[in-house]
Amino acid sequence: MRYSRQRELVLKKVAALDDHPTAEEIYEIASRESPGLSLGTVYRNLNVLADAKRIRRVSVPGHADRFDHTLREHSHMYCTCCGSVTDVELDDAALLQIIEAGAGKIEDYSLTLFGVCGKCRGKSSN
Ligand SMILES: [Zn+2]
Ligand SMILES: [Zn+2]
């Protein structure tokens, strides 16, 4: 991967935001430091970084992709109330066993749970 100052900036912001930001959120923060930066450049760099496995892409069906600097395998929960994405640890050994029993070798996976986060659940309880 060729060195690019903008790419390094994008990478740094994904780590700094630390809460699974969208491309727009990364663009907003990064463009303060690099005024010439365009949203298209941010998207392109995020794709290159994700393909190179420097960051992880978190797909949320029906919503904008999120980006994650935590590289180890883990799953996510999307809050349908506030739109936050949080890390969840699942018992993946059982999951992988189920998958591998019927399919080939699993090299990577991502799972997104949909629900209501702890903060929102606290607010709506009555
Ligand atoms: Zn929430
Ligand atoms: Zn994560």
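The rules behind the values
Residues numbered from 1 in each chain as written. Chains lettered and ligands numbered in written order. Predicted model: local features only at pLDDT ≥ 70, side-chain atom pairs only at ≥ 80, totals over all residues. Heavy atoms only, no water. Core = buried A, V, L, I, M, F, W, Y, C linked by side-chain atoms within 4.5 Å. Buried < 20%, exposed > 50% of the residue type's maximum accessible area, 1.4 Å probe, protein only. Helix = DSSP H or I, 4+ residues; strand = E, 2+ residues; numbered from the N terminus. Contact = heavy atoms within 4.5 Å. Pairing = 2+ DSSP bridges. Axes fitted to C-alpha atoms, helices over the stretch in contact; angles between N-to-C directions. Donors = N, O, S within 2.8 Å, 3.2 Å for Na, K, Ca; no water.

With 14 residues, the main nonpolar core has Val10, Val14, Ile26, Val42, Leu46, Ile55 and Phe67 as its most contacted residues. Elements that contribute at least two residues to this core include exactly helix H1 (5-17), helix H2 (23-33) and helix H3 (39-51). If we ignore the near neighbours within four places in the chain, the residues touching Leu46 are Val10, Val14, Ala23, Ile26, Ile55 and Phe67. Counting residues in each nonpolar core, the second largest holds five residues, with Met77, Cys79, Cys117 and Cys120 among its members.

Take the sheet that holds strand S4 (residues 85-88) next. An order of S4-S3-S5 is seen for the three strands of this open sheet, with the pairing classed as mixed. With one partner strand each, in any of the chains shown, S4 and strand S5 (112-115) form the two edges of the open sheet. Adjacent strand axes in the sheet meet at a mean angle of 30°, parallel and antiparallel pairs treated alike.

It is worth spelling out the coordination of the zinc ion (ligand 2) at this point. Within the first shell, the zinc ion (ligand 2) binds the protein through His20 (NE2), Asp68 (OD), His74 (NE2), His76 (NE2) and Asp87 (OD), at distances of 2.0 to 2.2 Å. In the primary sequence, the donor residues of the zinc ion (ligand 2) line up as H-x47-D-x5-H-x1-H-x10-D. Linking His20 in the loop between H1 and H2 with Asp68 in strand S2 (residues 66-68), this pair joins segments that are 48 residues apart in sequence. No difference in accessibility class separates His20 from Asp68, as the two residues are buried.

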